Amino acid sequence: MSPNPAPRSLSHRSLSGQSQSRRSPSGQSRRSLLGTVCAAAASGFAGCADLPGSEELAHEVEIYNRRDTAHTLSVRIENADADALYRRTFEIDGDRVREGTEPFTGTPTAVVVTVDDRDPIEREWPNPNCEEQGTRSAGGVDVYLLPDGGVGLEPTCDTIYAE
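Residues numbered from 1 in each chain as written. Predicted model: local features only at pLDDT ≥ 70, side-chain atom pairs only at ≥ 80, totals over all residues. Heavy atoms only, no water.

**Side note on the overall build of the protein**
Assigned secondary structure in the protein consists of two helices and eight strands. Residue burial in the protein is summarised as follows: out of 163 residues, 29% are buried. A separation threshold of at least 6 residues defines the contact pool for the protein, and within that pool the share at least 24 residues apart is 55%. In the form shown here, the protein has an accessible surface area of approximately 10,700 Å², with 48% of it arising from carbon and sulfur atoms. (Helix = DSSP H or I, 4+ residues; strand = E, 2+ residues; numbered from the N terminus. Buried < 20%, exposed > 50% of the residue type's maximum accessible area, 1.4 Å probe, protein only. Contact = heavy atoms within 4.5 Å. Areas by Shrake-Rupley, 256 points an atom, 1.4 Å probe, with all protein chains shown as cover.)

Laid out in C-alpha cells, this is it:
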C-alpha cells in the first residue's frame, strides 16, 4: 500500500475514458469540474516559497587547516561598500580540520582573512561562474591555511540555500 493513497474523488476511474455526458448535480461535467479544481489549485500555489527551486540561493565559506598546528582564523566577507555580509572567528585544530559556516546572501566582492591576530589578508571574492558550469549556485569559497604559512582561496559551486 502506498503511503499517500489518492483521494477517492480523484481516483483513476474518474479520469478514465468515461462518457463526458455524466454531469454533477450542478450540471457540470466531471472533466469541467476537474479542470476548474486543478486551475484553482495551481493558482493557489503561485508564488509559494515551498515549491522546489524557489528557495533563495546563498553563499558559503568552508575553512580548511592544512597546517600541523591549531590556529585562530577570522573571516569577513564584504560587499562593494565594505559592509560585512558575513563574519566569523574559528578556533581550528591542525592537520586538515574542516569547519562549515552558515549561508549568507548579498553580493560579495572581498574575502578578508586574519590568522592568529596577524595583519589581515584581503582577496577578491572568486567568481566560479557556476551557471556557465551548469550548476544552480550562488557560489562560495573554500579558505585554506596552507602549510607554507600562506592562505589560499578556491571557488565552489555547491548549491546552498538561505536559511
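There's more to say after this.
**A few points about the sheet that holds strand S6 (residues 121-124)**
The strands making up a sheet are joined through hydrogen bonds of the backbone, oriented either antiparallel or parallel. Taken in spatial order, the four strands make up an open sheet running S3-S2-S5-S6, and their pairing is antiparallel. Since the sheet does not close on itself, it has two edges, and those belong to strand S3 (84-92) and S6, each with one partner. Across the sheet, the axes of successive neighbouring strands diverge by a mean angle of 15 degrees, strand direction being ignored. Where strand S5 (residues 110-115) lies against S6, four bridges are found, and the strand directions are antiparallel. Across the sheet, the residue bridging to Val 111 is Arg 123, located in S6. (Pairing = 2+ DSSP bridges. Axes fitted to C-alpha atoms, helices over the stretch in contact; angles between N-to-C directions.)

**So, the pattern of salt bridges**
Once the charged atoms of two side chains with opposite charge are near each other, the side chains can pair. Tallied over the full model, the rule gives two salt bridges. Close ionic contact of Arg 76 with Glu 78 constitutes a salt bridge, the shortest N to O distance being 2.7 Å. The exposure class of Glu 78 is buried, given its relative accessible area of 12%. As a salt-bridge pair, Glu 102 and Arg 88 come within 3.3 Å of each other at their nearest N and O atoms. With a gap of 14 residues between them, Glu 102 in the loop between strand S4 (97-99) and S5 and Arg 88 in strand S3 connect regions that are remote in the sequence. On the basis of relative accessibility, which here comes to 39%, the residue Glu 102 falls in the partly exposed class. (Salt bridge = Lys/Arg side-chain N within 4 Å of Asp/Glu carboxyl O.)

**Looking at the environment of Pro 120**
Here Pro 120 is to be found in the loop between S5 and S6. Contact partners of Pro 120, with chain neighbours within four places excluded, come to Val 112, Val 113 and Thr 114.

**Details of the packing of aromatic side chains**
Taken as a whole and assessed by the stated rule, the structure comprises three aromatic pairs. For the ring pair Tyr 86 and Phe 104, a centre distance of 5.4 Å and an interplane angle of 25 degrees mean the geometry is stacked. With a gap of 18 residues between them, Tyr 86 in strand S3 and Phe 104 in the loop between S4 and S5 connect regions that are remote in the sequence. Accessibility classification places Tyr 86 together with Phe 104 in one group, the buried group. With centroids separated by 6.1 Å and ring planes inclined at 80 degrees, the aromatic side chains of Phe 104 and Trp 125 adopt a geometry described as edge-to-face. (Phe/Tyr/Trp six-rings, centres within 6.5 Å; stacked < 30°, edge-to-face > 60°.)

**Remarks on unusual backbone geometry**
For Ala 82, which is not glycine, the phi dihedral falls at a positive 65 degrees. Positionally, Ala 82 belongs in the loop between strand S2 (71-78) and S3. Under the relative-accessibility criterion, Ala 82 is labelled partly exposed at 40%. Positive phi values are uncommon outside glycine, yet Asn 129 reaches one of about 50 degrees. For Asn 129, the position within the fold is in the loop between S6 and strand S7 (140-145).

**Some details on the nonpolar core**
Counting 17 residues, the largest nonpolar core has Val 61, Ile 63, Leu 73, Val 75, Ile 77, Val 113 and Val 143 as its most contacted members. At the level of secondary structure, the elements contributing two or more residues to this core comprise strand S1 (61-65), S2, S3, S5 and S7. Setting aside residues up to four positions removed in sequence, Ile 77 forms contacts with Val 61, Asp 83, Ala 84, Leu 85, Tyr 86, Phe 104, Pro 108, Ala 110, Val 111 and Trp 125. (Core = buried A, V, L, I, M, F, W, Y, C linked by side-chain atoms within 4.5 Å.)

**Quick word on the confidence of the model for the protein**
Confidence in the prediction for the protein averages 77 pLDDT; 66% of positions are at 70 or higher. Counting contacts from residues 1-25, a segment whose pLDDT is below 50, to residues more than four positions away or on other chains yields 14 contacts. Note that pLDDT drops below 50 for residues 40-50; the model gives that stretch three contacts with residues more than four away or on any other chain. (pLDDT = per-residue confidence, 0-100.)

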